[in-house]
Amino acid sequence: MNPRPIDHEDPDRLYTVTGGRSRADEGVFDSVTLIVSECDPKAGMQSEHMRILRMCERPTAVVEISAALGMPVSVVNILLRDLLDMGRITVRHPTSASSDAQAHTPAPETLKQVLDALQRL
């Protein structure tokens, strides 16, 4: 099934998908927030929730989910909030991921010593 362009999305469908809600809590998600599934999709779940859970077996940015679903980011944020409230996803903010990476980055002096040793080979 090919997703329809967002500009032609049926507003009634979006209203139904979100249960009539128009906003998720501000500040929880931004377009580069990474989403990770914490469980497999279950029978009886909303189809969009199931697609998100399958998509996010590996960390996936909100904007990527939006593009894959062919839905506006605002609608995806509402769906993600539902999944977060149910404990089915984990949210990883890029700032926390980059600080974790910095904690595991070797000191510049160590990198220089490695480079010098490689050049001597």
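Before reading further, recall that the structure is shown in the block above.
This write-up is about the structure you can find in this document. Note that residues are indexed from 1 along each chain, following the sequence as it is written. Per-residue local features of the predicted model are confined to residues with pLDDT of at least 70, and side-chain atom pairs are confined, for both listing and counting, to 80 or more; whole-chain, interface and lining totals are unaffected and use all residues. Each side-chain value is derived from all of the structure's non-hydrogen atoms; neither hydrogens nor water enter the calculation.

To continue, consider the pattern of salt bridges. Any two side chains of opposite charge can pair, on the condition that their charged atoms come close. When a carboxyl oxygen of Asp or Glu is within 4 Å of a side-chain nitrogen of Lys or Arg, the pair counts as a salt bridge. Counting across every chain of the model gives two salt bridges. Residue Asp 85 pairs with Arg 81 through a salt bridge whose shortest N-O separation is 3.0 Å. On the criterion of helical spacing, the pair formed by Asp 85 and Arg 81 is a turn pair, its members being four residues apart in helix H4 (residues 73–85). Residues Asp 116 and Lys 112 are paired through a salt bridge, measuring 3.3 Å at the closest nitrogen-oxygen approach. Separated by four residues within a single helix, Asp 116 and Lys 112 lie in helix H6 (residues 108–120), roughly one turn from each other. Secondary structure elements are defined from DSSP: runs of H or I of at least 4 residues count as helices, runs of E of at least 2 residues count as strands, and each element is numbered from the N terminus.

A word on the nonpolar core. Nonpolar side chains in soluble globular proteins tend to be buried together. Core analysis: the biggest nonpolar cluster contains 18 residues, and Ile 35, Ile 52, Ile 65, Val 76 and Leu 80 have the highest contact counts within it. Those elements that place two or more of their residues in this core are helix H2 (47–55), helix H3 (62–69) and H4. Per-element tally for this core: the top contributor is H4, with five residues. In this analysis, two residues are considered to be in contact whenever any of their non-hydrogen atoms come within 4.5 Å of each other. Setting aside residues no more than four positions away along its own chain, Ile 65 makes contact with Ile 35, Ile 52, Met 55, Cys 56, Thr 60, Val 76 and Leu 80. What makes a nonpolar core is a set of buried Ala, Val, Leu, Ile, Met, Phe, Trp, Tyr and Cys residues whose side-chain atoms join them at distances within 4.5 Å. Throughout this description, buried means an accessible area under 20% of the type-specific maximum (1.4 Å probe, protein chains only), exposed means over 50%, and partly exposed covers the range between.

Take the side chain of Ser 37 next. Here Ser 37 is to be found in strand E1 (residues 34–37). Of the polar contacts made by the side chain of Ser 37, one reaches the backbone oxygen of Leu 53; its length is 2.4 Å. If we skip the residues at most four places from it in the chain, Ser 37 touches Ile 52, Leu 53, Arg 54, Cys 56, Glu 57, Arg 88 and Ile 89. Any pair of nitrogen or oxygen atoms within 3.5 Å is treated as a polar contact; in protein, a donor-acceptor pairing is required on top of that, and neighbouring residues in sequence qualify only through side-chain atoms on both sides.

The next point concerns a nonpolar patch on the surface. Together, Val 114, Leu 118 and Leu 121 line one region of the surface with nonpolar side chains, adding up to about 350 Å² of accessible area. On the secondary structure map, Leu 118 appears in helix H6. Patches here are clusters of residues that have more than 30% relative accessible area and form no salt bridge, with a 9 Å joining cutoff for like charges and a 5 Å cutoff for nonpolar side chains (Val, Leu, Ile, Met, Phe, Trp, Tyr). For accessible areas, the Shrake-Rupley method is used with a probe of radius 1.4 Å. Any residue's cover is judged against the shown protein chains and nothing else.

Looking only at H3, the buried set comprises Val 62, Ile 65, Ser 66 and Leu 69. Summarising the axial view, the buried residues of H3 lie within an arc of 100°, below the 170-degree limit, and thus occupy one face. Buried residues along H3 sit against E1, H2, strand E2 (60–61) and H4. Within this analysis, the arc is defined by the directions that extend from the helix axis to the C-beta atoms.

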